[in-house]
Amino acid sequence: MKQPFVTPDQLRAITARYPTPFHLYDEKGIRETARKLQAAFAWNPGFREYFAVKATPTPAILKLLREEGCGADCSSLTELMLSDRCGFTGGEIMFSSNETPAEEFQLAAKLGATINLDDFTLIDGLQDAVGYIPETISCRFNPGGVFQLGASKEGFQVMDTPGDSKYGFTREQLFEGFRKLKAMGAKRFGIHAFLASNTLSNDYYPALAGILFQLAVDLERETGADVAFINLSGGVGIPYRPDQPENDIMAIGAGVRDQYESILVPAGMGDVAIFTELGRYLLGPNGCLVTTAIREKHTYKEYIGVDACAANLMRPAMYGAYHHITVMGKEDAPCDHKYDVVGSLCENNDKFAIDRMLPRIDRGDLLVLHDTGAHGFSMGYNYNGKLRSAELLLQADGGVRLIRRAETPEDYFATMVFD
Ligand SMILES: *Cc1c(COP(=O)(O)O)cnc(C)c1O
């Protein structure tokens, strides 16, 4: 059973001070998850997690992760600016962008970030934008085709189609690209790939590592480029549904180590650093969206209207994503009511849950939508003039701190031109 990281009493005290809806994050959980990840890769002295800023672009969260030894993975101008303002410097910033505007390369280079090129043509693009090729450079690989793991009667454990994705160099382009970059002054090379999203399998990272490690060996041999790091990127998933298995990060780290020792070490490449760019795994379960049931409606179905909407959490509307719901204070009540839990947008996909069995919900009940800590608040938008909510941090000491205020109508009107 999924348990919220706050108790009903704690949450009542919080909502007495801060009106719903808001996103709430768990400092203790974030620190523990970051430490588990570090422990899983402690065998690799150069290991670093670059947190995917797009998952939770909030200064208090980024600073907390920096305290835990994480870097920042950015893909836009403002994410670079945000990371800079949060104290990340030089090699603590990874810049993994695509279709990159020149000004973004310029800021990344100025900050000394490690630039991860998405395409062969961006070699010249970077040279043109900043006037030189940095000594440390990374390239994103796309093996094409279909990536699948763990075939069974129920289907594949992991199945994605890199061949249909817009990211990365082909294998041939990577070899040519490394030669070209070397000739242009690059000295330390990295390889990056992101082949599947939200994987619930301890085999994804090891399988990806096997592919990238072999590629690194081939690249060093054929181009003479020094491969200094391999970036496994994001993609380690979380169980959004209560019946799904949780990944075992220690097993994942050990699986990557096996590949490292069987491929890189024998090739004399035992000094390669491993990088990750996890967003969802680090933050997802350590955040929730708290909302109040404000309306009920009985027509062809039973509806509960809440004060949050898809503008606060887009994943259900966008991907039909499941987010578990706990009705606070009714944890032990029977789930004998079938509801659609909906927001107030004039969009019929603004539904947090459809035909969900829940305890009887009364107006005023507090609902916790689980696992919104990554790609939750950050995907928010202003459709229908809805305002982004506040973000709160439940501190390790039990206190609660406002880490982003809610938008006000003034924020909404700030960019409008009336005359
Ligand atoms: C989105 C993204 C991530 C993080 O993905 P998660 O699913 O949150 O782990 C990491 N790297 C890059 C380049 C991304 O675009």
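Before reading on, note that the structure itself is shown above.
Reference entry: report on the structure contained in this document. (Residues numbered from 1 in each chain as written. Predicted model: local features only at pLDDT ≥ 70, side-chain atom pairs only at ≥ 80, totals over all residues. Heavy atoms only, no water.)

1. So, the side chain of Lys330
Residue placement: Lys330 occurs in the loop between strand S14 (325-327) and strand S15 (337-342). What Lys330 contacts, discounting residues up to four positions off in sequence, is Pro359, Arg360, Ile361, Asp362 and Asp365. (Helix = DSSP H or I, 4+ residues; strand = E, 2+ residues; numbered from the N terminus. Contact = heavy atoms within 4.5 Å.)

2. Quick notes on a nonpolar patch on the surface
A cluster of nonpolar side chains, Val146, Phe156 and Met159, forms an exposed patch at the surface whose accessible area comes to about 280 Å². Within the secondary structure, Phe156 is located in strand S8 (residues 155-160). (Patch = residues over 30% accessible without salt bridge, like charges linked within 9 Å, V, L, I, M, F, W, Y side chains within 5 Å. Areas by Shrake-Rupley, 256 points an atom, 1.4 Å probe, with all protein chains shown as cover. Salt bridge = Lys/Arg side-chain N within 4 Å of Asp/Glu carboxyl O.)

3. Structural notes on the site of the ligand
Neighbouring the ligand are 14 residues; Lys54, Gly235, Glu277, Arg280 and His375 lie closest to it. Here an oxygen atom of the ligand and a side-chain polar atom of Lys54 are 2.6 Å apart. A distance of 3.2 Å separates a nitrogen atom of the ligand from a polar atom in the side chain of Asp73. Taken together, the residues that form the shell around the ligand break down as 3 nonpolar, 6 polar and 5 charged. (Near = heavy atom within 4 Å. Polar contact = N/O pair within 3.5 Å; in protein donor to acceptor, adjacent residues only side chain to side chain. Nonpolar A, V, L, I, M, F, W, Y, C, P; charged D, E, K, R; others polar.)

4. Comments concerning the sheet that holds strand S4 (residues 93-96)
Overall, parallel pairing links the 8 strands, which are arranged S2-S3-S4-S5-S6-S9-S10-S11 in a closed barrel. Taken pair by pair, the neighbouring strands of this sheet meet at an average axis angle of 25°, ignoring direction. Judged from the 3 bridges that link them, S4 and strand S5 (residues 114-117) form a sheet pairing that is parallel. Bridging from a neighbouring strand, Ser96 pairs with Asn116 of S5. (Pairing = 2+ DSSP bridges. Axes fitted to C-alpha atoms, helices over the stretch in contact; angles between N-to-C directions.)

5. Some remarks on the pattern of salt bridges
Scanning all chains against the criterion turns up 20 salt bridges. One salt bridge connects Glu135 with Lys187, and the closest N-O pair in it is separated by 3.9 Å. Pair noted here: Glu135 is in the loop between helix H6 (121-130) and strand S6 (136-140) and Lys187 is in the loop between helix H7 (171-183) and strand S9 (188-192), with a separation of 52 residues, a long-range link. Where Arg404 meets Glu391, a salt bridge forms, and the shortest distance between an N and an O atom there is 2.6 Å. In this pair, Arg404 sits in strand S19 (residues 400-404) while Glu391 sits in strand S18 (residues 390-394), placing the two residues 13 residues apart along the sequence. Exposure remark for Glu391: the relative accessible area of 0% places this residue in the buried category. Sharing partners across several salt bridges, the network here consists of Glu27, Arg31, Arg35, Glu67 and Glu68. (Buried < 20%, exposed > 50% of the residue type's maximum accessible area, 1.4 Å probe, protein only.)

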